[in-house]
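Observations on the three-dimensional arrangement
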Amino acid sequence: MSISLLVVGHANTGKTSLIRTLLRQQNFGEISNQAGTTRHVESVAIKVNNKTLLTLIDTPGFEDSIGLWDARQHPPFDQYPGNRWIAPFCQSHLAEDHFEQEAKILKQLNQCDIILYVIDIRQAPLGKYLDELTLLASASKPIVPILNFSASDSVHLASWRQVLAERHLHAVVRYDSVAFYFEDEKRLYQSLQSLMPDHYDDIETLLISREEAARSRKAFAIDNLADLLIQAASSRRICDRYPPAPDDAAAFEQQIRQLESQFIHSLLTLYEFREEDVMPAAFSVQSGQWQQDIFALDTLKAWGVSTGASAMTGAAIGAGVDVMTGGLSLGAATSLGAILGASWQTGRHYKDTLKSKFTKRHYLCADSATLNLLCLRGLALIAHLDQRGHASQHAFTLNKQDDNDTNKTIINTIKPLWKKARQHPEWATQSLPANHALKAAMTEQLLEIAKNH
């Protein structure tokens, strides 16, 4: 048998939000800033290897707990000790009228194993909340208080802890269904283990499974970022004039944007979020395309990325694209090719660059500033999705920047690796295997950066 967890609390304290985050699903129940959004009881299972370990039961919020406690203290319900008043109350006209929503909660109390009482610690511990705790205590079931919205400091935290301690509720779990931290969830599971020792091993299995899943998601996200950087660094577009024609420049810019777009989509899918969860000013979705301009000087400056002199080398497309060109005549190229002789094969990684000089054909490639920006944005997005609760209703924007010294450290670590990638245009359409030397080195560096920053 699984452990049945009854999720209760006052209206709009985040009960459904808590369940969404525990499930890693955004489609459970309905969430709104208006009170009383949940109007019925709904249950859902958390499984590992097709075995149900926890059953979460979502309930409507208490709407008139003061009135309910008053009714409990008056005839005929005052004559029943302990939890014996619940059944007759649920059969009374009060349960079908004024206390219809509360009755839905009461009917579940005798069937659950543990009560998760969700508290919005942005609110002071008012009398109505204290009455709810007293009503729930009468069910004689273990209660685990969940201090929701705890990512930010609250002036009411100490008051809530005192109130709960006075009711012998010391196993308190801080949680946030919007800004998610796995350590908070871990403490919740550990509390369940202490209350349900017979299920200790099952909960430990769930805990290990969640930890492994989190590590796997992070590793896969970093792998995708490494692919993005390698493919962007190795991407080229041939053009036959200098400066490049506007159409060539626009086509190449779109090619790089599309690589980042694919990366973003893969991360949103990996972490089970929606496209609308990442919005302007970081990324703007128009006609199905991510439109925010990674080549704009303002965007680069906002991230503390220096464009350098090379970003403006004659390409009529602003910052973001280098033009590899030499302007040698074909005759001069023939002479130079003869001089190079056998050394041509030795320098095969540079043959496309040299060829552009011989033939007056030019290659567009992403410059260092753009690659720096892709790297920083990718790391920031991974960090956010790794700690984004599935109940969050606010779109994420990449407008909060790290310290520039931190950015410089990151770039200096990764830059030598994409310099190597630039010499391999064949990698632009490939996903290199994990054991490839460059891919492995870049992945290792990105994982280290993600851990430290």
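Now for a look at the structure at hand. If you're wondering where the values come from, they're calculated on a predicted model, not measured in any experiment.

1. Examining the overall build of the chain
Scanning the chain from N- to C-terminus turns up 17 helices and 11 strands. For the chain, buried positions account for 49% of its 453 residues. Surface accessibility of the chain: about 21,200 Å² in total, with carbon and sulfur atoms responsible for 49%.

2. Re the pattern of salt bridges
Evaluated as defined, the whole model comprises 17 salt bridges. Here Asp202 ties to Lys51 by a salt bridge, and the two come within 3.2 Å at their closest N and O atoms. Of this pair, Asp202 sits in helix α9 (residues 200-234) while Lys51 is found in strand β3 (residues 51-58), placing the two residues 151 residues apart along the sequence. Residues joined by salt bridges that share partners form a network here, namely Arg274, Glu276, Asp277 and Arg388.

3. Re the nonpolar core
Among the nonpolar cores identified, the biggest contains 43 residues, and Met442 and Leu446 are the most heavily contacted of them. Elements with a contribution of two residues or more to this core: α9, α10 (246-270), β11 (362-366), α15 (368-386), α16 (404-421) and α17 (437-452). Ranked by residues supplied to this core, first place goes to α9 with 9 residues. In this structure Met442 touches Ala226, Leu229, Ile230, Ile414, Leu417 and Trp418, once residues within four positions along its chain are discounted. Counting residues in each nonpolar core, the second largest holds 33 residues, with Ile57, Leu68, Phe99 and Val172 among its members.

4. Structural notes on the packing of aromatic side chains
As enumerated under the stated definition, the model contains 5 aromatic pairs in all. Aromatic pair Phe89 and Phe99: ring centres 5.9 Å apart, planes at 55 degrees, arrangement tilted. Here Phe89, found in helix α3 (residues 86-90), pairs with Phe99, found in the loop between α4 (93-96) and α5 (100-109); they are 10 residues apart in sequence, far enough to count as distant. Phe99 matches Phe89 in its accessibility class, with the two residues each being buried. Aromatic rings pair up to connect Phe77, Trp85, Phe89 and Phe99 into one cluster. For the cation-ring pair, Arg122 lies above Phe149, with the distance from its terminal atom to the ring centre recorded as 3.8 Å. Positioned over the ring face of Phe273 is Arg388, at 5.5 Å from the centre of the ring.

5. What to know about the sheet that holds strand β1 (residues 3-9)
Pairing in this open sheet of 6 strands is mixed, and the strands run β2-β3-β1-β4-β5-β6 from one edge to the other. The sheet is open, and its two edges are formed by β2 (42-48) and β6 (173-174), each paired on a single side. Summarising the sheet, β1 and strand β4 (residues 114-120) pair through 5 bridges and their orientation is parallel. What sits directly across from Val7, in β4, is Leu116. Contacting β1, β2 and β3, α9 runs over the sheet at an angle of about 80 degrees to β2.

Criteria and thresholds
- Residues numbered from 1 in each chain as written.
- Predicted model: local features only at pLDDT ≥ 70, side-chain atom pairs only at ≥ 80, totals over all residues.
- Heavy atoms only, no water.
- Helix = DSSP H or I, 4+ residues; strand = E, 2+ residues; numbered from the N terminus.
- Buried < 20%, exposed > 50% of the residue type's maximum accessible area, 1.4 Å probe, protein only.
- Areas by Shrake-Rupley, 256 points an atom, 1.4 Å probe, with all protein chains shown as cover.
- Salt bridge = Lys/Arg side-chain N within 4 Å of Asp/Glu carboxyl O.
- Core = buried A, V, L, I, M, F, W, Y, C linked by side-chain atoms within 4.5 Å.
- Contact = heavy atoms within 4.5 Å.
- Phe/Tyr/Trp six-rings, centres within 6.5 Å; stacked < 30°, edge-to-face > 60°.
- Lys NZ or Arg CZ within 6 Å of the ring centre and 35° of its normal.
- Pairing = 2+ DSSP bridges.
- Axes fitted to C-alpha atoms, helices over the stretch in contact; angles between N-to-C directions.

As far as function goes, none of this settles anything; it's purely spatial.
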